Amino acid sequence: MNLANHQAWLIDFYKRHDWYHFSPFVYLNFLTEETGEVARAIRALEIGRHHPGEKPQTPAEKTANLKEELADVLDQVLVIGTKFGIDPEALLAQSESKLSRRFNEEQPH
């Protein structure tokens with residue numbers, strides 16, 4: 001699966017669940033929430049998390065949780081991009097172009 005296919009699937013999923021009608025500001029809030037969950041997952045992997053009421057996780061469970069949270073962040077970025085008509089492949093190209101220019105390197109593509 002590539003980003004464009006996933007984005008199309010994701011938007012269809014959101015529309016079927018009546019979630020797509022929210023404004024980009026709402027999705028920005030969701031993105032902020034998911035970013036916090038990434039921070040929590042990284043903290044658990046890097047320094048541990050000793051919180052009453054939480055079941056201890058194995059390293060594999062912690063890594064699986066980080067992957068899940070990163071996927072949630074990616075989904076919110078893709079939804080926001082769709083709201084503004086931005087193709088996900090254009091985001092990849094934008095990133096490579098900006099970093100290549102900033103560090104005076106040739107673009108890989």
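Along each chain, residues carry numbers from 1 onward, in the same order as the chain's sequence is written. The predicted nature of this model means local features are confined to residues of pLDDT at least 70 and side-chain atom pairs, given and counted, to a pLDDT of 80 or more, with totals for whole chains, interfaces and linings taken over all residues. The basis for every side-chain value is the complete set of heavy atoms in the structure, and neither hydrogens nor water enter the calculation.

Novice: With reference to specific residues and values, describe the packing of helix 1 (residues 3–16) against helix 4 (residues 88–102).
Specialist: All axes here are fitted lines through C-alpha atoms, helices being fitted over the stretch that makes contact, and every angle between N-to-C directions spans 0 to 180 degrees. Each helix is a run of DSSP H or I of at least 4 residues and each strand a run of E of at least 2, with the numbering of both proceeding from the N terminus. Where helix 1 meets helix 4, the axes come as close as 8 Å, and the angle between the chain directions of the two elements is 135°. If you check the angle between helix 1 and helix 4, you find them oblique. Taken together, the residues of helix 4 that come into contact with helix 1 (itself represented by L3, A4 and Q7) are P88, E89 and L92. Only Asp, Glu, Lys and Arg are considered charged, only Ala, Val, Leu, Ile, Met, Phe, Trp, Tyr, Cys and Pro nonpolar, and every remaining residue, Gly among them, polar. Its residues assigned to classes, the contact of helix 1 with helix 4 shows four nonpolar, one polar and one charged. Roughly parallel here means an angle under 35 degrees, roughly antiparallel means over 145, roughly perpendicular means 65 to 115, and every remaining angle is called oblique. By definition, residues are in contact when any of their heavy atoms lie within 4.5 Å.

Novice: Explain the packing of aromatic side chains to me, and be specific about the residues and the numbers.
Specialist: Only centres within 6.5 Å qualify two rings of Phe, Tyr or Trp (six-membered ring in Trp) as a pair; their planes then separate them into stacked at under 30 degrees, edge-to-face at over 60, and tilted for everything else. For the structure on display, the rule yields eight aromatic pairs. Here Y14 and W19 contribute two aromatic rings whose centre-to-centre distance is 5.3 Å and whose plane-to-plane angle is 90°, an arrangement assigned as edge-to-face. With a centroid separation of 6.3 Å and an interplanar angle of 85°, the aromatic rings of F22 and F30 are classed as edge-to-face. What makes F22 partly exposed here is its relative accessible area of 29%. Accessible area is worked out with a 1.4 Å probe on protein chains only. A residue is then buried under 20% of its type maximum, exposed over 50%, and partly exposed in between.

Novice: Account for the nonpolar core, naming residues and giving values.
Specialist: Take the buried residues of types Ala, Val, Leu, Ile, Met, Phe, Trp, Tyr and Cys, join any two whose side-chain atoms come within 4.5 Å, and each joined set is a nonpolar core. Core analysis: the largest hydrophobic core is formed by 13 residues, its most contacted members being L10, Y14, Y20, Y27 and V79. When residues of this core are traced back to their parent elements, those giving at least two are helix 1, helix 2 (24–46) and helix 3 (59–83). The dominant element in this core, judged by the number of residues it contributes, is helix 3, at five residues. Apart from residues no more than four positions distant in its own chain, V79 is found in contact with L10, I11, Y14, Y20 and Y27.

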